[in-house]
Amino acid sequence: MKNWIIIFIAMLQCAPVFLSCSEYGGEQSFTSKPTTQTTLPDTCDDPEKNIRCCFAQMPDQLTSVMKIAPAGEPGERMIIRGKITKSDGKTPVSDAIIYCYHTNERGIYAKKGGETGVHRWHGHLHGWCRTDEEGRYEIQTIRPARYPSNNTPAHIHPILWVEGREPFYLTDFVFSDDPLIDEKYLRYTRNYPGGTGVVDLKRNKAGIWEGERVIVIN
């Protein structure tokens, strides 16, 4: 009897650990929204935390269009359209969730105040979308600037969550007119899924940058 009492006390002491681990645990279904931090400590307030933290605050309903920059955000407007396919380059990957974040027109991850979780690091220019039946997606935002150090191409960070797999980083969206896109950079991208990530941007009649990227994953 004494041994059972000791075991019961030990289980009570470990309960918070189990709760923290299950929050982004492997048993969570793909279609459910990861739990938003409310009464629990903000365990996602760290850029090195579980990658699922990037999906903790996404809306309950997603379309294939990701709207990142609000109407009053300074910068040049940009739209990137594309699709995600399997390794054959033809079979669409539908119902996949894409999360993106990027710098503002000054090259910083700007915040509006009140950000929680990973958004304390990613800033307010972030968003989500879900690919349609044909694997298509669209990103509406502003064109990001390089970091103030000016040693990295301007880019958008994308993370993909496909059913049956853990979320993973894709190669960044970068832009073909950026002089920092050289052979060294292109060699570096071979270590990551999604191709080079280079998008060829053109201005449309309204002055909005437009581009396309097909993402092929294994």
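Scroll up a little and you will see the structure.
Residues numbered from 1 in each chain as written. Predicted model: local features only at pLDDT ≥ 70, side-chain atom pairs only at ≥ 80, totals over all residues. Heavy atoms only, no water.

**Student:** For the sheet that holds strand S3 (residues 97–102), give the residues involved together with the corresponding values.
**Tutor:** Taken in spatial order, the four strands make up an open sheet running S4-S3-S6-S7, and their pairing is antiparallel. The open sheet has two edge strands with one neighbour each: strand S4 (126–130) and strand S7 (168–169). Summarising the sheet, S3 and S4 pair through five bridges and their orientation is antiparallel. Residue pairing in the sheet places Tyr-99 in a bridge with Trp-128 of S4. (Pairing = 2+ DSSP bridges. Helix = DSSP H or I, 4+ residues; strand = E, 2+ residues; numbered from the N terminus.)

**Student:** Give a description of the state of the cysteines that names residues and reports values.
**Tutor:** Summed over all chains, the structure comprises one disulfide. Sulfur-sulfur distance for the disulfide between Cys-44 and Cys-53 comes to 2.1 Å. Here the disulfide of Cys-44 and Cys-53 is left-handed, its torsion about the S-S bond being about -75 degrees. The two residues Cys-44 and Cys-53 agree in class, both being buried. Free of any disulfide, Cys-54 has its nearest neighbouring cysteine sulfur in Cys-53, separated by 7.1 Å. Cysteine Cys-129 shares no disulfide, and the gap to the nearest cysteine sulfur, in Cys-100, comes to 6.8 Å. (Disulfide = S-S within 2.5 Å. Buried < 20%, exposed > 50% of the residue type's maximum accessible area, 1.4 Å probe, protein only.)

**Student:** Help me get a handle on the pattern of salt bridges, residues and values and all.
**Tutor:** For the structure on display, the rule yields eight salt bridges. Residues Arg-143 and Asp-177 are paired through a salt bridge, measuring 2.5 Å at the closest nitrogen-oxygen approach. Remark: Asp-177 occurs in the loop between strand S8 (174–175) and helix H3 (183–189) and Arg-143 occurs in the loop between strand S5 (136–142) and strand S6 (156–161); sequence separation between them is 34 residues. In this structure Asp-177 comes out as partly exposed when scored by relative accessible area, which is 42%. (Salt bridge = Lys/Arg side-chain N within 4 Å of Asp/Glu carboxyl O.)

**Student:** Residues and numbers for the environment of Lys-83, please.
**Tutor:** Topologically, Lys-83 is positioned in strand S2 (residues 77–85). With near-sequence residues (within four places) excluded, Lys-83 lies in contact with Lys-90, Glu-134, Gly-135, Arg-136, Tyr-137, Arg-213, Val-214 and Ile-215. (Contact = heavy atoms within 4.5 Å.)

**Student:** Which residues make up the side chain of Thr-85, and what values go with them?
**Tutor:** Mapped onto the elements of the fold, Thr-85 is located in strand S2. Take Thr-85: its relative accessible area is 1%, and that puts it in the buried class. Residues contacting Thr-85, with those up to four places away along its chain left out, are Lys-90, Thr-91, Pro-92, Val-93, Val-214, Ile-215, Val-216 and Ile-217.

**Student:** Please provide a residue-by-residue account of the environment of His-124, values included.
**Tutor:** Position of His-124 among the secondary structure elements: in the loop between helix H2 (119–122) and S4. Taking the C-alpha atoms as reference points, His-124 and Tyr-109, 15 residues apart in sequence, are found 7.4 Å from one another. Among residues more than four places away in sequence, those in contact with His-124 are Glu-73, Ala-110, Lys-111, Lys-112 and Glu-115.

**Student:** Explain the sheet that holds strand S11 (residues 209–216) residue by residue, including any values.
**Tutor:** Here we have five strands laid out as an open sheet, ordered S1-S5-S2-S11-S10, and mixed in their pairing. Among the strands making up the open sheet, the edge pair consists of strand S1 (65–67) and strand S10 (202–203). Two elements, S2 and S5, share seven bridges in a ladder whose sense is antiparallel. Opposite Ile-79, over in S5, you have Gln-140 as the bridge partner.

**Student:** Account for the pairing of S6, with residues named and values stated.
**Tutor:** Among the six residues of S6, six are classified as buried, and the element is accordingly described as predominantly covered. Covered by surrounding structure in S6 are Ile-156, Pro-158 and Leu-160 together with His-157, Ile-159 and Trp-161, the residues of both alternating faces. Relative to S6, S3 is paired through six bridges, and the arrangement is antiparallel. Counterpart to Ile-98 in the pairing with S6 is Leu-160. Relative to S7, S6 is paired through two bridges, and the arrangement is antiparallel. For Ile-159, the partnering residue across the bridge sits in S7 and is Tyr-169. Turn length for the S6-S7 hairpin, with the two strands adjacent in sequence and antiparallel, is six residues, and the turn residue Gly-164 shows positive phi of about 85 degrees.

Limitation: the analysis is restricted to geometry and does not speak to function.
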